[in-house]
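An overview of the molecular structure
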Protein chains: 2
Amino acid sequence: MIPDTLTTAQYDTIYNIFSLVIASQLFAALFMIACLPRILPRYRQAMCVAAVVCGIAAYHYFRIFNSFNNSFQTDAVGGRGSYSQVVGEGFNEGYRYVDWLLTVPLLLLELVAVLALARKLQTSLLLRLIPAAALMIALGYPGELSGDNGIRNLFGTLSSIPFVYILYVLFVEVTKSLDNQPEQVRKSISQLRLLLLITWGVYPIAYLLPQLGIDGAAAWTGKQIGYSIADILAKALYGLIIYRIARIKSFADDPTFAASELSKSEAMELNPRRDEDRPIPSGAA
Amino acid sequence: MIPDTLTTAQYDTIYNIFSLVIASQLFAALFMIACLPRILPRYRQAMCVAAVVCGIAAYHYFRIFNSFNNSFQTDAVGGRGSYSQVVGEGFNEGYRYVDWLLTVPLLLLELVAVLALARKLQTSLLLRLIPAAALMIALGYPGELSGDNGIRNLFGTLSSIPFVYILYVLFVEVTKSLDNQPEQVRKSISQLRLLLLITWGVYPIAYLLPQLGIDGAAAWTGKQIGYSIADILAKALYGLIIYRIARIKSFADDPTFAASELSKSEAMELNPRRDEDRPIPSGAA
């Protein structure tokens, strides 16, 4: 599956995109930590999880980057020419599965946590989503390792069952609980689920490529690019949408907090009825 | 494009200036994080973004520095003589594009965020500025990779279109919204835009050098120095001006905060009408 040689353009593109993922995940994580005081305490758990997800992804992409860097080498000056696999070094695709095994359940936890639903409903959702997510990744792994298309198909199909179940929970069950959320939050949740559907869809497509006979250096380069972009969107961008939801909910919950976080004109737009009779919330940082 | 050999002076200069960029960006980022409590919460989002931009730049200059360090080597004792490209290692110019793809949209976000305009106007500005910035960088990349002047010209020209559009938005549309800003802020915004125009202007000039027949080791060294200085000004200095704007606006918004941050005489100068009838803002950290 890993090609014996890559052109310089292919090598450079993979090299740069892996670095792009490291930078995106690392600094998304740091941004989320730095911005914790910008949301109410009740939403900070979700943000901490989002930051951890991006941090874990940054760590694994460091590993992937170094593994890639050690596996291919050119013998031409200035990197002109092509890159060949180094004997004795193998590019380790398994890092991705280790990463997903940790981050995918956490991504679902973020989503449920930021909704701040009733505890009973939260527990019920998480008890179904998290095992399904772990199962989905674990079932994909034997297929990824196997060179045999039959085994790939088998585990690919098994892995799709929990994936479809997760989609069912998110699009049917979670939808029922959105009625109490502010309008803008409902919109953001829809964006989030759509992002999840599109980006998670990249993984099975990349997984299927060898079955479809699409192989070789170009397809492999495409797969690495696809995984990388999907990882940026599914973790960093996803986390930033979670942050946006947490901000909107914080402002809606606590007009005093909104007033300190927003300019006068922004706060007026968001909470035109500031003098409304609502309990004064505490905990504005 | 990358010269086969560099003189010791050229090598040392590039080496030192890359290190200068790392130091500038890294400590600008740390300074911005440390100084978050020195501005009101509503401007801290802009400062967090500014810190992230400098952090991302520091990360990429670490990469660029290491890539440069590994690509050239002298065989003379004590580095006297000249440096030649190492077989099997290529200096990776692509890091710059990866950096810009992330930081340039964020630089525009910083600027819009610190103005604290009405939300609708902010969204409208960002929805135009950020895609234009990403497009500008993405269109430059194929030209940078290409050795062919025709392709360079084509992509250079295409890349200029979003650049001109960004300048239009900043100099025409943003200007309209500055009437509500304090006098000193208006001045700082003008400085900021001028800085942006001058520093961003360095990139197309460096890009054009090969077309103008200016090539070889000296021109390449000049290009690296030019990019490095432009990056310090466009990110670290730019972020510090954003910080200054946030300080001025914080003092104007909240005289109590100004009194705690400034000496008595400074505060008097800034807010001569301290006993003015304005609501006492909360949330000053």
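Residues numbered from 1 in each chain as written. Chains lettered and ligands numbered in written order. Predicted model: local features only at pLDDT ≥ 70, side-chain atom pairs only at ≥ 80, totals over all residues. Heavy atoms only, no water.

1. Some remarks on the UniProt feature "transmembrane region" (unreviewed entry) in chain A
Residue and element names in this part refer to chain A. So the rule is basically this: UniProt positions are given in the numbering used here, feature names are shortened, and annotations may be inferred rather than shown by experiment. Note on conventions: DSSP H or I runs of at least 4 residues are helices, E runs of at least 2 residues are strands, and numbering of each starts at the N terminus.
The UniProt record annotates "transmembrane region" (unreviewed entry) at residues 14–36, 43–62, 100–118, 125–142, 154–174, 194–213 and 225–243. Across residues 43–62, the secondary structure splits into 95% helix and 0% strand, with the terminal C-alpha atoms separated by 29 Å. Between the C-alpha atoms that bound residues 225–243 there is a distance of 26 Å. The span itself is 100% helix and 0% strand.

2. A look at the side chain of A:S19
The condition that has to hold: In what follows, residue pairs with any heavy atoms lying within 4.5 Å of each other are defined as contacts.
Topologically, A:S19 is positioned in helix α1 (residues 8–34). With near-sequence residues (within four places) excluded, A:S19 lies in contact with A:F65, B:Y59, B:H60, B:R63 and B:Y95.

3. Observations concerning the packing of aromatic side chains
Rules: Any two rings among Phe, Tyr and Trp, with Trp reduced to its six-membered ring, count as a pair given centres within 6.5 Å; such a pair is stacked if its planes are under 30 degrees apart, edge-to-face if over 60, and tilted if neither. Only protein chains enter the accessibility calculation, which uses a 1.4 Å probe; a residue whose area is less than 20% of its type maximum is buried, one above 50% is exposed, and one in between is partly exposed.
In the structure shown here, the tally under the stated rule is 43 aromatic pairs over all chains. Centre to centre, the rings of A:Y15 and B:Y95 are 5.8 Å apart; their planes meet at 50°, and the pair counts as tilted. Taken as a pair, A:Y15 in helix α1 and B:Y95 in helix α3 (residues 94–115) lie in two separate chains rather than in one. The residues A:Y15 and B:Y95 share a single accessibility class, namely buried. Ring centres 5.8 Å apart and planes at 25° place the aromatic pair A:Y203 and A:Y227 in the stacked group.

4. Some remarks on the interface of chain B and chain A
Put simply, the rule reads: Accessible surface is computed with a 1.4 Å probe, and the buried area is the amount of it that two parts give up when combined, taken over both parts together. Salt bridges are defined as contacts in which a side-chain nitrogen from Lys or Arg sits within 4 Å of a carboxyl oxygen from Asp or Glu.
Tallying the contact residues gives 36 residues for chain B and 34 residues for chain A. Summed over both sides, the interface of chain B with chain A buries roughly 3,000 Å², with 57% coming from carbon and sulfur. Ranking the residues of chain B by area buried against chain A places B:R42, B:Q45 and B:R119 at the top, with a combined share of 20%. The interface formed by chain B and chain A holds zero salt bridges in total.

5. Some words on unusual backbone geometry
Backbone phi values are negative for most residues with the exception of glycine, while trans is the configuration of most peptide bonds. If you check the backbone angles, A:A116 has positive phi at about 50° while not being a glycine. As for its placement among the helices and strands, A:A116 is situated in the loop between α3 (94–115) and α4 (119–145).

6. Quick word on α1(A)
Since one α-helical turn is 3.6 residues long, residues separated by three or four positions face the same way. Operational definition: Take the residue count of a helix, subtract one, and multiply by 1.5 Å to get its expected span.
With 27 residues, α1(A) extends 38 Å from end C-alpha to end C-alpha; this agrees with the ideal 39 Å at 1.5 Å per step. Burial runs high along α1(A): 20 of the 27 residues are buried.

7. Some details on the pairing of strand β3 (residues 82–85) of chain A
Residues and elements named next belong to chain A. In plain terms, the rule: In short, DSSP must find at least two bridges between two strands for them to pair.
Judged from the three bridges that link them, strand β1 (residues 5–7) and β3 form a sheet pairing that is antiparallel. Note on β3: the bridge partner recorded for T5 is S84. Two elements, strand β2 (residues 72–73) and β3, share two bridges in a ladder whose sense is antiparallel. Paired with F72 across the two strands is Q85, which belongs to β3.

8. Some points on a nonpolar patch on the surface
Residue and element names in this part refer to chain A. Under the convention used in this document: By definition, no residue in a patch forms a salt bridge, and every one has over 30% relative accessible area; like charges are joined within 9 Å, nonpolar side chains (Val, Leu, Ile, Met, Phe, Trp, Tyr) within 5 Å. For accessible areas, the Shrake-Rupley method is used with a probe of radius 1.4 Å. Any residue's cover is judged against the shown protein chains and nothing else.
Judged by side-chain polarity, Y165, Y168, F171, V172, L194, L197 and I198 come together as a nonpolar surface patch covering roughly 600 Å² of accessible area. Elements with a minimum of two residues in the nonpolar patch: α5 (149–176) and α6 (183–208). With four residues, α5 is the single largest residue contributor to the nonpolar patch. Among the structural elements, V172 can be located in helix α5.

9. Structural notes on the relation of the copies chain B and chain A
A rotation about an axis combined with a shift along that same axis relates the two copies of the chain. Counted only if it meets this: Residues reaching a pLDDT of at least 70 in both copies supply the C-alpha atoms on which the copies are superposed by least squares.
Superposing chain B onto chain A takes a rotation of 70° plus a shift of 0.6 Å along the axis, which leaves an RMSD of 0.2 Å. Such a combination of turn and shift is consistent with a five-fold rotation axis.

10. Considerations on the sheet that holds β2(A)
Hydrogen bonds along the backbone pair up the strands of a sheet, which may run parallel or antiparallel. All names here are of chain A. Threshold: Axis definition: a line fitted to C-alpha atoms, limited for helices to the stretch in contact. Angles are taken between N-to-C directions and run from 0 to 180 degrees.
The three strands lie next to each other as β1-β3-β2, forming an open sheet whose pairing is antiparallel. The open sheet terminates on both sides in strands that have one partner only, identified here as β1 and β2. Contacting β1, β2 and β3, α1 crosses the sheet at an angle of about 90° to β1.

11. So, the sheet that holds strand β1 (residues 5–7) of chain B
Strand order across the open sheet formed by three strands is β1-β3-β2 (chain B), with antiparallel pairing between neighbours. Whereas interior strands pair on both sides, the edge strands pair on one side only; in this sheet they are β1 and β2 (72–73) of chain B.

12. Structural notes on the pattern of salt bridges
Note on pairing: side chains with opposite charge can pair once their charged atoms come close. Residues and elements named next belong to chain A. If you walk through the whole model with that rule in mind, you get 17 salt bridges over all chains. The partner of D99 in a salt bridge is K235, with the nearest N and O atoms 3.1 Å apart. Placement of the pair is D99 in helix α3 and K235 in helix α7 (residues 216–253), with a sequence separation of 136 residues. Note on D99: relative accessible area 3%, which makes it buried. Owing to a relative accessible area of 2%, K235 belongs among the buried residues under this scheme. The partner of E261 in a salt bridge is R247, and the shortest N-O contact between them spans 2.7 Å.

13. Looking at the nonpolar core
What counts is decided by this rule: In these notes, a set of buried Ala, Val, Leu, Ile, Met, Phe, Trp, Tyr and Cys residues joined through side-chain atoms within 4.5 Å is what counts as a nonpolar core.
Residues A:F68, A:W200 and B:W200 are the most contacted members of the largest nonpolar core, which totals 177 residues. Top element by residues in this core is helix α2 (residues 41–71) of chain B. It accounts for 16 residues.

14. Considering the packing of helix α2 (residues 44–71) of chain A against α3(A)
Residues and elements named next belong to chain A. For the record, the criterion: Roughly parallel covers angles under 35 degrees, roughly antiparallel covers those over 145, roughly perpendicular covers 65 to 115, and oblique covers all other angles. Left-handed describes a crossing whose near helix is turned anticlockwise from the far helix by less than a right angle; the clockwise case is right-handed.
Across the interface, α2 lies against α3 with an axial gap of 9 Å and an inter-helix angle of 165°. Relative to α3, α2 is oriented roughly antiparallel. Crossing angle aside, the handedness with which α2 passes α3 is left-handed. Contacts from A46, V49, A50, V52, V53, I56, A57, H60, Y61, R63, I64 and S67 in α2 reach Y95, R96, V98, D99, L102, T103, L106, L107, L109, E110, A113 and V114 in α3.

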